[in-house]
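Given next are the chains, with one letter for each unit.
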Amino acid sequence: TEAIGLYNIGQTCCLNSLLQVFLMNIRFTGILRRIVVPRSHVQKRRSVPYQMLLLLEEMQCGKQKAVSPRDLAYCLSAYEVKLFVQYDAAQLFLTLWNLIKRQMQKPELVEEFSCLYTICVQEHLACQKCSFETKRNSSMLTLPLPVLDSNSHVLKTLEDCLQYFFHPEELTDHNMCFCEQCGRKTPFLQSMKLVHLPQTLTIHLKRFCFEKSAYIHKLSHYLPFPQDLDFNAVLTEDQCQADDSEKAAWQYELFAVVAHSGSTNFGHYCAYIRSLTEGKWYCFNDSKVCQVSWDDVKCTYGHSSLHWGETAYLLIYMKKHPQ
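The text that follows walks through the structure, step by step, so that each part is easy to find. (Residues numbered from 1 in each chain as written. Predicted model: local features only at pLDDT ≥ 70, side-chain atom pairs only at ≥ 80, totals over all residues. Heavy atoms only, no water.)

### Focus on the overall build of the chain
Right, so step 1: Of the regular secondary structure elements, the chain holds 11 helices and 18 strands.
Right, so step 2: In terms of C-alpha radius of gyration, the chain reaches 21 Å, essentially the compact-globule figure of 20 Å for 323 residues.
Right, so step 3: With the C-alpha coordinates aligned to their principal axes, the bounding extent of the chain is approximately 70 × 50 × 40 Å.
Right, so step 4: The buried share of the chain, reckoned over its 323 residues, is 50%.
Right, so step 5: In the chain, of all internal contacts separated by at least 6 residues, the share reaching a separation of at least 24 is 66%.
Right, so step 6: Accessible surface for the chain amounts to roughly 16300 Å². Of this, 50% is attributable to carbon and sulfur atoms.
Right, so step 7: Placing the 32 positive and 32 negative side-chain charges of the chain at their respective mean positions leaves the two points 7 Å apart. (Helix = DSSP H or I, 4+ residues; strand = E, 2+ residues; numbered from the N terminus. Rg over C-alpha atoms; globule rule 2.2 N^0.38 Å. Buried < 20%, exposed > 50% of the residue type's maximum accessible area, 1.4 Å probe, protein only. Contact = heavy atoms within 4.5 Å. Areas by Shrake-Rupley, 256 points an atom, 1.4 Å probe, with all protein chains shown as cover. Lys, Arg positive; Asp, Glu negative; His and termini not counted. Charge placed at Lys NZ, Arg CZ, Asp CG, Glu CD.)

Have a look at this one:
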């Protein structure tokens, strides 16, 4: 009946934020409700999808303002997702996703779950001395977008980050590749082309970076992102490898933002999520949940002088017109 929070049971703000993003996605919960229920008590305790389903049902009872994810957290700890540890939201998202997929027993649900989140790209390598070229299709669960270019200059918008990610790169000097046709190392042009985008698209803004001293620091500069995102307007024809019917569905609307505040060592996560049934934005900050405005969400764009401030880390977009 209303948005429900999750208690922090010991540095679980990252887990709580990701769980809210999963469970507020009605397309994901539609899959979750059709899983095979494990038979034994031990299997139930060790099944991540089943524990997520129990948590969802407890949240949907609506009797409390917040519920505890304790059983699910202990279930995850059996798969080396330790409790009372700070996590990186992008890494934990991949871990959770793989555990859910691996433990779904119905092949049709595994396929549906994969299609809901999986991005397909085509990697190109072309020798600059001859016509030799290799192509390879690969899948990814997030678009890991750099927020700085190769010269450490700030990329100013999300669209700039996307353009930079799909921009061809020249491999020269010590980065040259061996060309089978030339029989030696030659300069190559490396590029990535977009083939398929899923219903639920997860973008990872790479705001944590290594310095030469191996110290990880956070990039907190201002980086706006739109509510509506059309990939056809952002990428060029050369950056796409898809037919017209595929590209017609590349119009997205922002669904959620997983935001990070603090430093790399002492950080906190919360999630801003747009209810798919109401269209209203909510802030899920562990057990505290409140309705917010788009202006509140925009506060996660970042600020160069507020290194401890709240900045968007994961952006989750939904297709406007799914095929």
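And the narrative resumes.
### Concerning helix α4 (residues 48–60)
Right, so step 1: Here α4 contains 13 residues, and its C-alpha end-to-end distance of 18 Å stays within 8% of the 18 Å for a straight helix at 1.5 Å per residue.
Right, so step 2: For α4, the set of buried residues is Val48, Pro49, Tyr50, Gln51, Met52, Leu53, Leu55, Leu56 and Met59.
Right, so step 3: Looking at the residues trailing α4, positive phi occurs at Gly62, about 70 degrees. (Expected span 1.5 Å × (residues − 1).)

### A word on the environment of Lys106
Right, so step 1: Inspection of the secondary structure puts Lys106 in the loop between α6 (89–103) and α7 (107–117).
Right, so step 2: Accessibility expressed as a relative area gives 30% for Lys106, which makes it partly exposed.
Right, so step 3: Taking the C-alpha atoms as reference, Lys106 lies 9.0 Å from Arg34; in sequence the two are 72 residues apart.
Right, so step 4: Excluding residues that lie within four positions of it along the chain, Lys106 makes contacts with Arg34 and Val36.

### Regarding unusual backbone geometry
Right, so step 1: In this structure, Gln11 takes a positive phi of about 55 degrees despite not being glycine.
Right, so step 2: Turning to its location among the elements, Gln11 is positioned in the loop between β1 (5–6) and α1 (13–23).
Right, so step 3: Assessed through its relative accessible area of 43%, Gln11 is described here as partly exposed.
Right, so step 4: We note that Ser152 has phi near 65 degrees; this positive angle belongs to a residue other than glycine.
Right, so step 5: One can find Ser152 in the loop between β5 (143–146) and α8 (158–165).
Right, so step 6: Taking relative accessible area as the criterion, Ser152 reaches 53% and is therefore assigned exposed.

### A short note on the state of the cysteines
Right, so step 1: Applying the stated criterion across every chain yields a total of 0 disulfides.
Right, so step 2: Counting only cysteine sulfurs, Cys13 is the nearest neighbor of Cys14, a cysteine outside any disulfide, at a range of 6.4 Å.
Right, so step 3: Residue classification places Cys14 among the buried positions, given a relative accessible area of 2%. (Disulfide = S-S within 2.5 Å.)

### Some details on the pairing of strand β3 (residues 119–127)
Regular strands place their side chains on alternate faces of the sheet.
Right, so step 1: Of all 9 residues in β3, 7 are buried, a share of seventy percent or more.
Right, so step 2: Counted along the chain from β3 to the antiparallel partner strand β4 (residues 133–140), the turn is 5 residues long.
Right, so step 3: For β3 and strand β9 (residues 188–196), the ladder comprises 8 bridges, and the chain directions are antiparallel. Bridge assignment links Gln122 to a residue of β9, and that residue is Lys193. (Pairing = 2+ DSSP bridges.)

### A look at the packing of aromatic side chains
Right, so step 1: For the structure shown, the criterion picks out 16 aromatic pairs.
Right, so step 2: Taken together, a centroid distance of 5.9 Å and an interplanar angle of 50 degrees make the contact between Phe28 and Phe113 tilted. Taken together, the positions of Phe28 in helix α2 (residues 26–32) and Phe113 in helix α7 put the pair 85 residues apart, joining distant regions of the chain. The same class applies to Phe28 and to Phe113, which are both buried.
Right, so step 3: An aromatic cluster is built from Phe22, Phe28, Phe93, Trp97, Phe113 and Tyr117, whose rings are joined through pairwise contacts. (Phe/Tyr/Trp six-rings, centres within 6.5 Å; stacked < 30°, edge-to-face > 60°.)

### Structural notes on helix α5 (residues 70–77)
Right, so step 1: Those residues of α5 not exposed but buried are Leu72, Ala73, Cys75 and Leu76. The arc that holds every buried residue of α5, seen down its axis, measures 160 degrees, which confines them to one face.
Right, so step 2: Where α5 is buried, its residues contact α1, α3 (41–46), α4 and α6. (Arc of directions from axis to C-beta.)

### Quick look at the nonpolar core
Right, so step 1: Among the nonpolar cores identified, the biggest contains 57 residues, and Phe28, Met52 and Tyr117 are the most heavily contacted of them.
Right, so step 2: Every residue in contact with Tyr117, bar those within four places of it in the chain, is listed here: Phe22, Asn25, Phe28, Phe93, Trp97, Met140, Leu141, Pro198, Thr200 and Thr202.
Right, so step 3: The next biggest cluster of nonpolar side chains, apart from the first, holds 43 residues, and it includes Met140, Leu143, Phe165 and Phe225. (Core = buried A, V, L, I, M, F, W, Y, C linked by side-chain atoms within 4.5 Å.)

### Some remarks on the pattern of salt bridges
Right, so step 1: This structure, assessed with the given rule, holds 7 salt bridges.
Right, so step 2: Residue Glu112 is joined to Arg34 by a salt bridge in which the shortest nitrogen-to-oxygen separation is 2.7 Å. With Glu112 in helix α7 and Arg34 in the loop between α2 and α3, the pair connects residues that are 78 residues apart, well separated along the chain.
Right, so step 3: Note on Arg34: relative accessible area 37%, which makes it partly exposed.
Right, so step 4: For the salt bridge of Arg136 with Glu123, the shortest nitrogen-to-oxygen distance reads 3.1 Å. (Salt bridge = Lys/Arg side-chain N within 4 Å of Asp/Glu carboxyl O.)

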